[in-house]
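Summary of the model geometry
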Number of protein chains: 2
Amino acid sequence: DGGGVESLDYEVIENFAYREEQAQRGKLYVSYLLVVKWFFALLIGICTGLAAVFINIAVENFAGWKFSATFDIIQKSYIAGFVVYVLFNLALVYSSVYIITQFAPAAAGSGIPEIKGYLNGVDTPGILLFRTLVGKIFGSIGSVGGGLALGKEGPLVHTGACIASLLGQGGSTKYHINSRWFQVFRSDRDRRDLVTCGCAAGVAAAFRAPVGGVLFALEEVTSWWRSQLMWRVFFTSAVVAVVVRAAMGWCKSGKCGHFGSGGFIIWDISDGQEDYSFAELFPMAIIGVIGGLLGALFNQLTLYITTWRRNHLHMKGNRVKIIEACLVSILTSVISFGLPLLRKCTPCPESDPASGIECPRPPGMYGNYVNFYCSKDNEYNDLATIFFNTQDDAIRNLFSAKTINEYSSQSLLTFLVMFYALAVVTFGTAVPAGQFVPGIMIGSTYGRLVGMFVVKYYRKLNIEEGTYALLGAASFLGGSMRMTVSLCVIMVEISNNLKFLPLIMLVLLISKAVGDAFNEGIYEEQAQLRGIPLLESRPKYEMRNMTAKEACGSGRVVSFPRVVKVSDVVSILRSNKHNGFPVIDHTRSGEPLVIGLVLRSHLLVILQSKVDFQHSHLPSDSRGGARSIRHDSGEFAKPVSSKGICIEDIHLSSDDLEMYIDLAPFLNPSPYIVPEDMSLTKVYNLFRQLGLRHLFVVPRPSRVLGLITRKDLLIED
Amino acid sequence: DGGGVESLDYEVIENFAYREEQAQRGKLYVSYLLVVKWFFALLIGICTGLAAVFINIAVENFAGWKFSATFDIIQKSYIAGFVVYVLFNLALVYSSVYIITQFAPAAAGSGIPEIKGYLNGVDTPGILLFRTLVGKIFGSIGSVGGGLALGKEGPLVHTGACIASLLGQGGSTKYHINSRWFQVFRSDRDRRDLVTCGCAAGVAAAFRAPVGGVLFALEEVTSWWRSQLMWRVFFTSAVVAVVVRAAMGWCKSGKCGHFGSGGFIIWDISDGQEDYSFAELFPMAIIGVIGGLLGALFNQLTLYITTWRRNHLHMKGNRVKIIEACLVSILTSVISFGLPLLRKCTPCPESDPASGIECPRPPGMYGNYVNFYCSKDNEYNDLATIFFNTQDDAIRNLFSAKTINEYSSQSLLTFLVMFYALAVVTFGTAVPAGQFVPGIMIGSTYGRLVGMFVVKYYRKLNIEEGTYALLGAASFLGGSMRMTVSLCVIMVEISNNLKFLPLIMLVLLISKAVGDAFNEGIYEEQAQLRGIPLLESRPKYEMRNMTAKEACGSGRVVSFPRVVKVSDVVSILRSNKHNGFPVIDHTRSGEPLVIGLVLRSHLLVILQSKVDFQHSHLPSDSRGGARSIRHDSGEFAKPVSSKGICIEDIHLSSDDLEMYIDLAPFLNPSPYIVPEDMSLTKVYNLFRQLGLRHLFVVPRPSRVLGLITRKDLLIED
Ligand SMILES: Nc1ncnc2c1ncn2[C@@H]1O[C@H](COP(=O)(O)OP(=O)(O)OP(=O)(O)O)[C@@H](O)[C@H]1O
Ligand SMILES: Nc1ncnc2c1ncn2[C@@H]1O[C@H](COP(=O)(O)OP(=O)(O)OP(=O)(O)O)[C@@H](O)[C@H]1O
Ligand SMILES: [Mg+2]
Ligand SMILES: [Mg+2]
């Protein structure tokens, strides 16, 4: 159903209005733009940072209340505690799914495939609206606080992108909080830069990983990357880091309730394993393979389940979506509460006061060795430590060093299987959902399992199971998302240990290669499922043997003459769904000449405003200034994330239909062209590298008027 | 004199031979290529890492011998010690300048402007040869070991690039150490990828900063970056990190002589200042401004001095270059030995045994508080601590935390002025020379100065002067090199402290902005001076109002007919210096038709081999397979970094001159074309983003045969 998807116009339309505007603007305006750009980068950073802080505080507080209430009650009755726990989760999840279904349907899921698509040049309606932003923020508080097997990191990327886009249009027009002053970035091209900043800010906020954020944005959008943009994006990420750091410092004094010691991903293992031997590379490689296999399986299962959901459940309306989410919530609660109950407790290890680890730890507090449904006082329940806990704390426990033998392999295996299943089932429910944290949970579980075997067999080495958990996490994410550099840097930044970089890379290399043997990354698969046609960075192999002419098919080209009757415009626009049309004029000697490309959206604006209609069918000499004043280029700017006007909405009187329009001032006078027999590989590179939407395939030229080489482009100013 | 510079053909020439070759190769070959690419990435990493280790061990050992010998002797006589010191330095510098002038002239300087040019698409003859590599390695050992005010980091980047390029051509043909097996990357395009890897590997090796290495390569070459390449480049950097780490572990056991505790940049300040207050941002901003000013001044002075040198000294031959370098060496020795002598010693602070800092430290060892020409035993000479030391150790001392009041402002100021002057004078001598380490020296000196004032006036805060030194270093590098993200990450990686990221960024933002107000970055200026025409990533503002036709001038286009007489080819090639020519054929009906572009280098190969000469002036039907076997595409591959054949070398008999050549099989059938009135901004983007060399400016087309949109490029395989 990709037919409904529209591309974005990243190319600058150098029409008459645009050139007029450019001519009026001096160098000063360029400086003004620069200042505004940096100011926006700052704003995006601050807002995204604050949004992240808000989400984290809210989630940690809800989860904190939940766990401390439950723990209080289970001192008396486990049944009552269970009921409270289930209801609390249900309430949060219900609020989340209610918000999403009733108010912001575009905020469901992680949003990363859509943002990826946006940066790749495909518009998905509604993803950058104000309501989506609100839905995303509150929805993910509900879904994460409600204990579902999903994370808040993916949604934060989407949140950052929304914030950036909204700032770019100077606030939301619909809610009347916009300012004309900053409405300088209304073209798709400018908005793309902002969204890139926002996307990096989101990652930076999610993982407190500024460099990772830049690289994440970069990996997704390498085709039109510029170093100036890179610097600005990096600036935004650093601002986020500062904001988050300041907020956390403020919270340390206890002003943020349960937030304080917990919350905000950073699983510092800088005091972990100091060194590794070559013998350890083998089990690490195995972790990579497992990650690749489980990741690919995860992608495949989620693909099936999402397809099935779409075709059998979600089409039945919002009620079904709500019921589904609630059922998943109850299932999750039952499993995470019930399974630890079935587990026998373990006696505490000889306590080492120097390590500062308490066993058993008092209920409702952060740390390892929770005492849950244990008969003796100095026992702990290892399954509860990871299952009956917030995800951040569970991961912290799995990553923790100096806690060898904390977990039994049986508990870890149980957790792995159950959580994997939960993550698969949860994926695709109508709530904001990230896959990072569940992925880290799954990965670190089997990573730690492998680590336990290594500790058993390589006894003499100074091995920490926490290191293996980290590698496991990296491997699963690599096997599922297939990101490379950015993932590697993010893992390094969240573990705050540069020494593991080569190990993480090794594991990622293997898991990505293994995963790639089976299927595509989860974001690509989801994008495909949602009909977002992503253009990969590399042309397909078959394209070498195809020409441009073959690719564009043999259908007749729908084009306009320079001066066209209004009724013809209407009927042509009604008769097809194309968004770009060549405009053909005739030279004095009567030969045809392609004078440019006109966009459907511009034609619609012209039809709606009617000011450009003329009685004569002769071209008005567009040199006269009179013409240009009727439109400024802002009128042609597409509203963010909405379809804009469509031809059916425009009503013209029969007098209007008899008039003419001269298209010359409105067209893009020089779209990129390729000769008909250029190989499709080259066409692809051109199209993708420059972020085009339309490309004319033309006959071979008959003359060469000149050659442009490097020297011709070196103009001194 | 940019006229002599050649561009690189990054575009794939899809001529007949190429297409034949592609057709024969199956999917298996693609996998083979992939494996070889990764294998090369591994090799580049290992070799660059080893080269870096070798250079470092050599430099540290030479410097270690020098200082310990000098210290031994000055216990008896300062005069004798001075003479030994001067002669030792002179010998090393002489060996370096001798190697460069006699053997590898292309290895002088840092090499970064040339590599930047290469990645931008401009070839500088000789920069990637084997002899350049050898000259670079041994030359920089001499120049750095000889105590000149220059660093070994820039040269390492060049070294990495050379290694990559040599591996890519399967070894050096001239020295018969090549293997046909790996000669799969002979096009400019493939070599560019390898050189990118090598460049990143060099940075990673120089600073032990793998992420910084990737970002460095990225910042220089953003135009044609792909995510697959990024992952491979990152892999190479990580391999370098592993190799260097392994070597350093091995050296810790004392097997590497004086290398061990010193050497290899990493000025760990992870135990430095924990926190910073908002009040500190002001002095930090001042550091940024100073950095911008001093950096811009440095660029300007070096520009003048290099120009002057070129016009008045270096044209007089190698003797002058050698004498010059020796004079600079003597000057440096005299200043670095003499100035500390003039300085009064300071009594040691109350020793704090917990801090582990010894005062005065025994001569010839690493650390702060050196006793040099002091009358009392418990005194130290603060100027000698930084001046009479290897640069790495001096920087370590300047960065060191917990040593408040070690330096007097007078000493720092003296050092700043003298070292700045030395760095300016040394720049441009005919030895391999990097600007990173001198820049860090200069920057950290004034940074520490500012830090001293802050300590004085903001007394109560927990301020470390070392932090300010780090910021100063960042600011000077930012003000001089104008790199952004990569510099920031490199500074974070070498100081091993992620917390300073926002501060470093603040300082860089300011210093780059201040510097940009005066002149361009040092690499850009040097590139310009050497006639390397770099295309910036952003088109110039004026280009908006220019068209393609205006840019390429009005000269007649030199073109070839499809079948051309050999004598015509020779005379046309002799008559101009163009490297690309349109080929014009005629349709049946006699209308002209542009059928492609032929490169001078390909014509020369054809002329030299003569196998394609034919007697008839009619086109041979190139469908027959017979034609294709005469050449494989490897024959057309350009040799690395050399001009290849030139028309004057080719001698043809008069019989040959009467024959014909059919150019159809050899031409690039579909070069990119632009219509004559496309704005130069768009042309620029096309040219730069796709890394082109020639672009045809053609008349507006008369028809549109089809439109290519995103949907047409989504081919399933
Ligand atoms: N003006 C046109 N005349 C004839 N065929 C066209 C025209 N524009 C596009 N096409 C063809 O129609 C097919 C569908 O393209 P489509 O009309 O969806 O493009 P678009 O809507 O202009 O751009 P997008 O869908 O990327 O926003 C493509 O294969 C393209 O070759
Ligand atoms: N075949 C040609 N006929 C006419 N003019 C040309 C031709 N090729 C290049 N030019 C023009 O000559 C000028 C110098 O270009 P030059 O000949 O140096 O290009 P080149 O050598 O082919 O490429 P490069 O110098 O980038 O390697 C440019 O302004 C260009 O427009
Ligand atoms: Mg369409
Ligand atoms: Mg030339």
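Below: a short report on this structure. Note that the coordinates shown come from a computational prediction; the quantities given were computed from them, not determined experimentally.

Concerning the site of ligand 2
- Residues in contact with ligand 2 amount to 19 residues; listed here are only the nearest, Lys711 and Asp712 of chain A together with Ser7, His578 and Asn579 of chain B.
- Ligand 2 is flanked by residues contributed from chains A and B.
- Between ligand 2 and the protein, one listed contact pairs an oxygen atom with a side-chain N or O atom of Ser7 of chain B at 2.4 Å.
- At a separation of 2.6 Å, an oxygen atom of ligand 2 approaches a polar side-chain atom of His694 of chain B.
- In isolation ligand 2 has 600 Å² of accessible area, and contact with the protein removes 87% of it.

A look at the relation of the copies chain A and chain B
- For the pair chain A and chain B, the superposition axis carries a translation of 0.0 Å, the fit reaches an RMSD of 0.0 Å, and the rotation angle comes to 180°. Taken together, the rotation and translation describe the operation of a two-fold axis.
- Residue by residue, 100% of the interface of chain A is reproduced at the interface of chain B, so both copies engage with the same surface.

Brief notes about the pairing of strand 11 (residues 695–698) of chain A
- Going residue by residue along strand 11 of chain A, you find Leu695 and Val697 of chain A tucked away on one face and Phe696 and Val698 of chain A tucked away on the opposite face as well.
- Of the pairings in the sheet, the one linking strand 10 (residues 673–675) of chain A to strand 11 of chain A comprises three bridges and is parallel in character. The partner of Pro675 of chain A across the bridge, within strand 11 of chain A, is Val698 of chain A.
- A crossover connection joins strand 10 of chain A to the parallel strand 11 of chain A through helix 25 (residues 680–689) of chain A; in handedness this β-α-β unit is right-handed.
- For strand 11 of chain A and strand 13 (residues 706–708) of chain B, the ladder comprises three bridges, and the chain directions are antiparallel. When the bridges of strand 13 of chain B are listed, Leu695 of chain A appears paired with Ile708 of chain B.

Digging into the interface of chain A and chain B
- If you look at the interface, chain A gives 120 residues, while chain B gives 120 residues.
- Both faces considered, chain A and chain B share a buried interface measuring about 11100 Å² in area, 65% of it formed by carbon and sulfur atoms.
- It is Trp231, Ile708 and Arg710 of chain A that lose the most area in chain A upon contact with chain B, and together they represent 8% of the buried surface on that side.
- On inspection of chain A and its partner chain B, the count reaches two salt bridges.
- Linking Lys682 of chain A and Glu11 of chain B is a salt bridge whose minimum nitrogen-to-oxygen distance equals 2.8 Å.
- On the surface where chain A and chain B come into contact, there are 30 residue pairs in polar contact (both at pLDDT 80 or more).
- The leading source of residues in the side of chain A that touches chain B is helix 9 (residues 227–255) of chain A, at nine residues.
- Grouping the constituent residues of the side of chain A that touches chain B by class yields 69 nonpolar, 24 polar and 27 charged.

Regarding unusual backbone geometry
Residue and element names in this part refer to chain A.
- At Arg482, a residue that is not glycine, the phi angle is positive and equals roughly 60°.
- Its place among the elements puts Arg482 in the loop between helix 16 (465–481) and helix 17 (485–495).
- Taking the relative accessible area as the measure of exposure, Arg482 reaches 7% and is therefore buried.
- At Lys610, a position not held by glycine, the phi torsion is positive, near 65°.

The rules we used
- Residues numbered from 1 in each chain as written.
- Chains lettered and ligands numbered in written order.
- Predicted model: local features only at pLDDT ≥ 70, side-chain atom pairs only at ≥ 80, totals over all residues.
- Heavy atoms only, no water.
- Near = heavy atom within 4 Å.
- Polar contact = N/O pair within 3.5 Å; in protein donor to acceptor, adjacent residues only side chain to side chain.
- Areas by Shrake-Rupley, 256 points an atom, 1.4 Å probe, with all protein chains shown as cover.
- Least-squares fit on C-alpha atoms with pLDDT ≥ 70 in both.
- Contact = heavy atoms within 4.5 Å.
- Buried < 20%, exposed > 50% of the residue type's maximum accessible area, 1.4 Å probe, protein only.
- Helix = DSSP H or I, 4+ residues; strand = E, 2+ residues; numbered from the N terminus.
- Pairing = 2+ DSSP bridges.
- Right-handed = clockwise from strand over helix to strand, strands pointing away.
- Buried area = accessible area lost by both parts, 1.4 Å probe.
- Salt bridge = Lys/Arg side-chain N within 4 Å of Asp/Glu carboxyl O.
- Nonpolar A, V, L, I, M, F, W, Y, C, P; charged D, E, K, R; others polar.

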